[in-house]
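# Structure assessment
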Amino acid sequence: TVRWHIELQPWASPTPSLNYEASRFLKYISTSQISCEHTNLNSLKGYSETAKKPWSICLDERFSLIHRIRSKQCRLYSLGLGNDDNQFELSMANSGCEVHRFDPSIKSAHIQEGRHLWYHRLSIDWRDPNPAIAAHKLHSNTKKLGTVLNEFGHQKIDVLKADVESAEWKILENLILEDVVEQIGQLVFEVHIHWPGFEVSGNDSTVVRYWYSLLRELELKDFRLFHTYKDLSKPQMFLKKEAFNASSCYTLSWVNTRWK
């Protein structure tokens, strides 16, 4: 059965309230659900501390990633938009991971750098373009992640990293609705909360309930949040207001606990 919508969680209070929704959501994204002792690549060769952001991955022995890195079988997909901070991708490639970086600003369709690093001029979206719609022809370099996995012949991604400037909510929804998340071992997402995000509609309390419901869907699929980073270098905004002591940007890392 194809799902068209995620299950919305009950409201946080008897009547819809932005204060209650925001409080529940911000507590949720600020609280680790599982502890992970080894969360950075310091132990791996080729890593330097110049990475601008804490792209934390769980390298504890009980999860598969560290074993797949050691056996040179890991795969990283990185979704970006013209971001030149690729230290994390280089580190993963240097440790023997197969790294695919998707960014519509790349000059050539596909570029291979070294043995393990590929750049693709593709934007990962929450829908495939419809060739019958003229406006969509401009987006021929836009594809859903599930489509790319099929085209590349990849069954699994050990780490999916995304820094897609507010497209992350609809992309995450697509991955959940199409069960693509079950092919992913760890998620490292930058989430933006200074506005609802692309094609997310509704009043403020409805938007926050939707964000929260999306993340609860991840939990239902056995993903557990193990690292959360509040970016204080970004404007401290929540839905266009200075409110709730929130940053406009958080980096969140989950591990799929089904992947042993």
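Residues numbered from 1 in each chain as written. Predicted model: local features only at pLDDT ≥ 70, side-chain atom pairs only at ≥ 80, totals over all residues. Heavy atoms only, no water.

You'll find the protein chain entered in an unreviewed UniProt entry as MET24 protein, with Edolisoma coerulescens given as the organism.

## Points about the state of the cysteines
The final tally for this structure, using the stated rule, is two disulfides. Here Cys 74 pairs with Cys 97 through a disulfide, and the sulfurs are 1.6 Å apart. Taking the torsion about the S-S bond as the criterion, the Cys 74 to Cys 97 disulfide, at about -110°, is left-handed. Within this pair, whereas Cys 74 is found in the loop between α2 (64-70) and β1 (75-80), its partner Cys 97 is found in the loop between α3 (87-94) and β2 (98-102), the two being separated by 23 residues in sequence. (Disulfide = S-S within 2.5 Å. Helix = DSSP H or I, 4+ residues; strand = E, 2+ residues; numbered from the N terminus.)

## With respect to the sheet that holds strand β10 (residues 249-256)
With mixed pairing, eight strands are arranged side by side in an open sheet as β3-β4-β2-β1-β7-β8-β10-β9. Two strands lie at the open edges of the sheet, namely β3 (110-113) and β9 (223-230), each paired on one side alone. Strand-to-strand, the axes of this sheet are offset by a mean angle of 15°, without reference to chain direction. Direction of pairing for strand β7 (residues 157-163) relative to strand β8 (residues 184-192): parallel, over a ladder of five bridges. In the sheet register, Leu 160 faces β8, and the bridge partner there is Leu 187. Here helix α6 (residues 204-220) sits on the sheet in contact with β8, β9 and β10, set at roughly 135° to β9. (Pairing = 2+ DSSP bridges. Axes fitted to C-alpha atoms, helices over the stretch in contact; angles between N-to-C directions. Contact = heavy atoms within 4.5 Å.)

## Points about the side chain of Lys 221
With respect to the helices and strands, Lys 221 occurs in the loop between α6 and β9. A residue is classified by how much of its surface remains accessible, and Lys 221, at 11% relative accessible area, is buried. There is a polar contact of 2.8 Å between the side chain of Lys 221 and the side chain of Asp 179. Within the local environment of Lys 221, its side chain forms a polar contact with the side chain of Glu 182, the two groups lying 3.0 Å apart. Residues contacting Lys 221, with those up to four places away along its chain left out, are Ile 176, Asp 179, Val 181, Glu 182, Asn 256 and Arg 258. (Buried < 20%, exposed > 50% of the residue type's maximum accessible area, 1.4 Å probe, protein only. Polar contact = N/O pair within 3.5 Å; in protein donor to acceptor, adjacent residues only side chain to side chain.)

## Some thoughts on the packing of aromatic side chains
Scanning the model with the defined rule gives nine aromatic pairs in all. Centre to centre, the rings of Phe 25 and Trp 169 are 6.2 Å apart; their planes meet at 55°, and the pair counts as tilted. One end of the pair, Phe 25, is in helix α1 (residues 18-29); the other, Trp 169, is in helix α5 (residues 168-177), and 144 residues separate them in sequence. Trp 169 matches Phe 25 in its accessibility class, with the two residues each being buried. A ring pair is formed by Tyr 77 and Phe 102, whose centres lie 5.0 Å apart and whose planes are at 55°; its orientation type is tilted. Here Tyr 77, found in strand β1, pairs with Phe 102, found in strand β2; they are 25 residues apart in sequence, far enough to count as distant. Overall, the relative accessible area of 0% leaves Tyr 77 in the buried class. Chaining the aromatic ring pairs together yields one cluster made of Phe 25, Trp 169, Trp 211, Phe 238 and Phe 244. Sitting over the face of the ring of Trp 55, Lys 161 holds its NZ or CZ atom 4.3 Å from the ring centroid. Across the ring face of Trp 11, the terminal group of Arg 209 is positioned such that the distance to the ring centre comes to 4.2 Å. (Phe/Tyr/Trp six-rings, centres within 6.5 Å; stacked < 30°, edge-to-face > 60°. Lys NZ or Arg CZ within 6 Å of the ring centre and 35° of its normal.)

## Considerations on the pattern of salt bridges
Under the defined criterion, the tally for this structure stands at 19 salt bridges. Here Glu 178 and Lys 144 are joined by a salt bridge, their closest N and O atoms 2.7 Å apart. With Glu 178 in the loop between α5 and β8 and Lys 144 in strand β6 (residues 142-144), this pair connects stretches of sequence that are 34 residues apart. For Lys 144, a relative accessible area of 16% translates into the label buried. (Salt bridge = Lys/Arg side-chain N within 4 Å of Asp/Glu carboxyl O.)

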